[in-house]
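Residues per chain are reported as follows:
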Amino acid sequence: MIATLPRVEISLPGIRHNARILSAYFEKEDISLMGVSKAVLGDPRIVDAMIQGGVRFIADSRIENIRRAKTAGIKAQFVLLRTPMSRADEVVDCADYSLNTEVNTIEKLSHCAARKNIIHKIILMVEMGDLREGIAPEDLLAFIDKVRTFPGTRIAGIGCNLACHGGVLPNERNMRLMSDLASSIEQEFRTRLEIVSGGNSANYNWYKTTQGPGKINNLRLGEAILLGCETATRTPIPGLDTKCFELIAEVIELKRKPSIPLGETGQDAFGNFPAFEDRGVTPRAIVALGRQDVDAGGLTSVDNLPVLGASSDHLILDAGTRRLKVGDEVKFNLKYSALLAAMTSPFIKKVYTQGW
Ligand SMILES: *Cc1c(COP(=O)(O)O)cnc(C)c1O
């Protein structure tokens, strides 16, 4: 086999296993899961592994990613996590559900769906303090009253998203509030909400300790399934595979160099003024990988070699006492930021272990 470098090796059995463990765990309290595929660009093999593991929905923030999975023949309920108003027509074509916060956007979705004689389902996002997307809780009933009779759309439920912008943690208080909001909507409009989606991978710790999830009956999980950790403290979830993705790249230079730059210094390639600690002359490896491929801060070398820095296409490693040679492969584990970039880089090959 010709080794392609750089490459991400993706364990499909690992992803299937994680989805299966998490589905069973949340099912105990009747919480269904959306497998979030945006970090892997809707990769059909990975999405299929999530479905085999038991997730009920596939959710993604990009129309292109949903289309990619559907074109490959994936059958699931698709949820668009972010609605572009100007592309309402495409949204109702590709997604069964979308998350929404604007009356005008829902109106456009309604027109497009009605024209095609379909029902597009709307999940209204509620602002619970993280200050990204969401309708203020006090405005929710009036909002629903405006949109509930639109033809072509149906209010399927509500959702909230925490721990993304403001780092606000899901807890008993804000989840109780979501649950109470769901109850008041059901009473006010004499209806039953199909989906009350409490959040993302950061909701794991809340679920672990809650006295009961109330009306919360859905979560949207990306990182927990893909990387095996919850995201409030980035702790591995017991029983999950945390090594489903491994990035492998090639050493292209190996030399001993001083740890402090020589000469007068100004900005680096990205406008920062770098600072260095003098550790004498050390062996350094340059790896053929760069910021155009990954976020260097999200890489951990499997052999514990410190990452000293990265420019557009050179990653500098402290080679330590490890006997590397030019042409050797070095392996990295990925954090979310590095996974997102690596899966998006056209320069990194995607290789599947025990795939289709
Ligand atoms: C990305 C995203 C998720 C998934 O987040 P993870 O931390 O990967 O679980 C859930 N909901 C929304 C709205 C998102 O944008």
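Residues numbered from 1 in each chain as written. Predicted model: local features only at pLDDT ≥ 70, side-chain atom pairs only at ≥ 80, totals over all residues. Heavy atoms only, no water.

Caption draft 1: Summary view of the site of the ligand. In the vicinity of the ligand, 13 residues are found, and the nearest of them are Lys38, Ser201, Arg220, Gly222 and Glu223. A distance of 2.7 Å is found between an oxygen atom of the ligand and a side-chain nitrogen or oxygen belonging to Lys38. Protein chains bury 93% of the 390 Å² of accessible surface belonging to the ligand in isolation. Residue classes in the shell around the ligand are distributed as four nonpolar, four polar and five charged. (Near = heavy atom within 4 Å. Polar contact = N/O pair within 3.5 Å; in protein donor to acceptor, adjacent residues only side chain to side chain. Areas by Shrake-Rupley, 256 points an atom, 1.4 Å probe, with all protein chains shown as cover. Nonpolar A, V, L, I, M, F, W, Y, C, P; charged D, E, K, R; others polar.)

Caption draft 2: Geometry of the pairing of strand β7 (residues 153-159). Counting buried positions along β7 yields six of seven residues, so the element is predominantly enclosed. Summarising the sheet, strand β6 (residues 120-125) and β7 pair through six bridges and their orientation is parallel. Residue pairing across strands places Ile123 opposite Gly157, the latter belonging to β7. Looking at chain direction, β7 and strand β8 (residues 195-197) are connected through three bridges and run parallel. Paired with Ile158 across the two strands is Val196, which belongs to β8. Between β7 and its parallel partner β8, the chain crosses via helix α7 (residues 172-188), and the hand of that crossover is right-handed. (Buried < 20%, exposed > 50% of the residue type's maximum accessible area, 1.4 Å probe, protein only. Helix = DSSP H or I, 4+ residues; strand = E, 2+ residues; numbered from the N terminus. Pairing = 2+ DSSP bridges. Right-handed = clockwise from strand over helix to strand, strands pointing away.)

Caption draft 3: Seen up close, helix α6 (residues 140-147). Within α6, the full set of buried residues consists of Leu140, Phe143, Ile144 and Val147. Projected onto a plane normal to the axis of α6, the buried residues spread over an arc of 95 degrees and lie on a single side. On the buried face of α6, the contacting elements are α5 (103-115), β6, β7 and α7. (Arc of directions from axis to C-beta. Contact = heavy atoms within 4.5 Å.)

Caption draft 4: Representation of the nonpolar core in the model. Among the nonpolar cores identified, the biggest contains 93 residues, and Ile15, Leu124, Ile158, Leu226, Phe245 and Leu289 are the most heavily contacted of them. What Leu226 contacts, discounting residues up to four positions off in sequence, is Ile15, Val36, Ala39, Val40, Ile46, Met50, Cys244, Phe245 and Leu339. Listed in part, the 12 residues of the second largest apolar core include Ala59, Val79, Leu99 and Met125. (Core = buried A, V, L, I, M, F, W, Y, C linked by side-chain atoms within 4.5 Å.)

Caption draft 5: Main features of the environment of Phe347. Within the element layout of this structure, Phe347 appears in the loop between α10 (336-344) and β16 (349-353). Sequence-wise, Phe347 and Leu289 are 58 residues apart; in three dimensions their C-alpha atoms are separated by 9.1 Å. Excluding residues that lie within four positions of it along the chain, Phe347 makes contacts with Pro6, Gln292 and Asp293.

Caption draft 6: Spatial organisation of α7. A rise of 1.5 Å per residue sets the reference length of α7, with its 17 residues, at 24 Å; its end C-alpha atoms lie 24 Å apart and thus fit the reference within 8%. Every buried residue of α7 is accounted for by Asn174, Met175, Met178, Ser179, Leu181, Ala182, Ile185 and Glu186. Take α7 and look down its axis: the buried residues cluster within an arc of 155 degrees, on one side only. Residues of α7 that are exposed and angled more than 90 degrees away from the buried face: Arg173 and Gln187. Those residues of α7 that are buried are in contact with α6, β7, β8 and α8 (204-209). Where α7 begins, one side-chain oxygen reaches toward the backbone nitrogen of Arg173, 3.0 Å away; that side chain belongs to Asn171. (Expected span 1.5 Å × (residues − 1).)

Caption draft 7: The arrangement of the pattern of salt bridges in detail. This structure, assessed with the given rule, holds 21 salt bridges. With a shortest N-O distance of 4.0 Å, Glu27 and Arg56 are connected by a salt bridge. Here Arg56 lies in the loop between α2 (44-52) and β3 (57-60) and Glu27 lies in helix α1 (residues 12-27), a separation of 29 residues in the sequence. Among the salt bridges present, the one from Arg132 reaches Glu133, with a minimum N-O distance of 2.7 Å. (Salt bridge = Lys/Arg side-chain N within 4 Å of Asp/Glu carboxyl O.)

Caption draft 8: Fine view of the packing of α1 against α2. Between α1 and α2, the shortest axis-to-axis distance is 7 Å and the interhelical angle comes to 35 degrees. Taken as a pair, α1 and α2 cross one another with a handedness that is right-handed. Touching Leu12, Ile15, Arg16, Ala19 and Arg20 of α1 are Arg45, Ile46, Ala49, Met50 and Gln52, all from α2. Here the residues of the contact of α1 with α2 sort into six nonpolar, one polar and three charged. (Axes fitted to C-alpha atoms, helices over the stretch in contact; angles between N-to-C directions. Left-handed = near helix turned anticlockwise from the far one by under 90°.)

Caption draft 9: Broad picture of the packing of aromatic side chains. As enumerated under the stated definition, the model contains six aromatic pairs in all. Ring plane angle 40 degrees and centroid distance 5.7 Å describe the contact between Tyr25 and Tyr204, whose orientation is recorded as tilted. Separated by 179 residues along the polypeptide, Tyr25 in helix α1 and Tyr204 in helix α8 bring together distant segments of the chain. A relative accessible area of 22% means that Tyr25 is categorised as partly exposed. (Phe/Tyr/Trp six-rings, centres within 6.5 Å; stacked < 30°, edge-to-face > 60°.)

Caption draft 10: A look at the state of the cysteines. Enumeration over the complete set of coordinates arrives at zero disulfides. In this structure Cys112 is not part of a disulfide, and its nearest cysteine sulfur, from Cys94, lies 12 Å away. With no disulfide of its own, Cys164 has Cys160 as its nearest cysteine by sulfur position, at a separation of 11 Å. Overall, Cys164 belongs to the partly exposed group, its relative accessible area being 43%. (Disulfide = S-S within 2.5 Å.)

Caption draft 11: Structural view of the environment of Val55. In this fold, Val55 is placed in the loop between α2 and β3. C-alpha separation for the pair Val55 and Pro346, spaced 291 residues apart in sequence, amounts to 28 Å. Beyond its immediate chain neighbours, meaning those up to four positions away, Val55 contacts Ala19, Ser23, Leu33, Gly35, Met50 and Ile225.

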